[in-house]
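Analysis of the macromolecular model
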Amino acid sequence: LLKLGGKLSSVFYKLLTMPTVSTPYHIISIPYHTDSTVLFNRIRALPFACWLDSGKPKSYSGRYDVMTAQPSRRWVTEGSKTSIMDYHYASDNDNSGYQETTANIIDENPLTIINQASEQLTSNYQQSHSSIDGAFDLSLDLPFTGGVIAYFSYELGRQQANIPQLSPSDCDLPEMVAGLYEWAV
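Described below are features of the structure shown in this document. (Residues numbered from 1 in each chain as written. Predicted model: local features only at pLDDT ≥ 70, side-chain atom pairs only at ≥ 80, totals over all residues. Heavy atoms only, no water.)

Spatially, E7-E6-E5-E9-E8 is the arrangement adopted by the five strands of the open sheet, whose pairing is antiparallel. Among the strands making up the open sheet, the edge pair consists of strand E7 (98-106) and strand E8 (147-152). Between one strand and the next, the sheet's axes are offset by a mean angle of 15°, whatever the strand orientation. Relative to strand E9 (residues 176-181), E8 runs antiparallel, the two sharing six bridges. What sits directly across from Gly 147, in E9, is Tyr 181. (Pairing = 2+ DSSP bridges. Helix = DSSP H or I, 4+ residues; strand = E, 2+ residues; numbered from the N terminus. Axes fitted to C-alpha atoms, helices over the stretch in contact; angles between N-to-C directions.)

In structure tokens:
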């Protein structure tokens, strides 16, 4: 996990070699850039890069920009089917080692699937860190240290609320795309 506000030396090498969610986190300070594209450009080519932009400097209420990539699991819902893809990163040199290792398709409520995954992640984290000295301090004021980031379409909301579809969909996007991210900038 990287917290904005310090030096930027070799941050991205450390970023790519960060421990997974199952091991203790390391916090490295980096300077805040009012134009966060400077940082995102460094990771945007990584698989499934994601940037949650706070809107600064145009928005005075924004506090954090969150950037991440290379989820260890992805969920994609199309219609009533959710594909679950697990990924493994086997190389430190390039993205060629980032590979899909398993894939399943299930017919369950996608929100239930994500909720169960989040609960399992929390349980695994608490169990693996209960006996580690210097485990990550959950009281730190950080918005995202790893976990699920997702996109939910209006169509998924309509399906969940049993609202009939009155017109055909005007875009070709999945109802849900979610990833389990194990590090963040």
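And the narrative resumes.
A word on the environment of Leu 180. Take Leu 180: it is sitting in strand E9. The exposure class of Leu 180 is buried, given its relative accessible area of 15%. Considered as a pair, Leu 180 and Gly 147 are 33 residues apart in the sequence and their alpha carbons are 5.3 Å apart. The contacts of Leu 180, once residues within four sequence positions are left out, are Pro 71, Ser 72, Arg 73, Trp 75, Leu 121, Gly 147 and Val 148. (Buried < 20%, exposed > 50% of the residue type's maximum accessible area, 1.4 Å probe, protein only. Contact = heavy atoms within 4.5 Å.)

The next thing to look at is the side chain of Thr 68. Inspection of the secondary structure puts Thr 68 in strand E4 (residues 66-68). Owing to a relative accessible area of 0%, Thr 68 belongs among the buried residues under this scheme. In this structure the side chain of Thr 68 is engaged in a polar contact, spanning 2.5 Å, whose partner is the backbone oxygen of Trp 183. Ignoring anything within four residues of it in the chain, the contact list for Thr 68 reads Ile 43, Phe 48, Ala 49, Cys 50, Ile 149, Tyr 181, Trp 183 and Ala 184. (Polar contact = N/O pair within 3.5 Å; in protein donor to acceptor, adjacent residues only side chain to side chain.)

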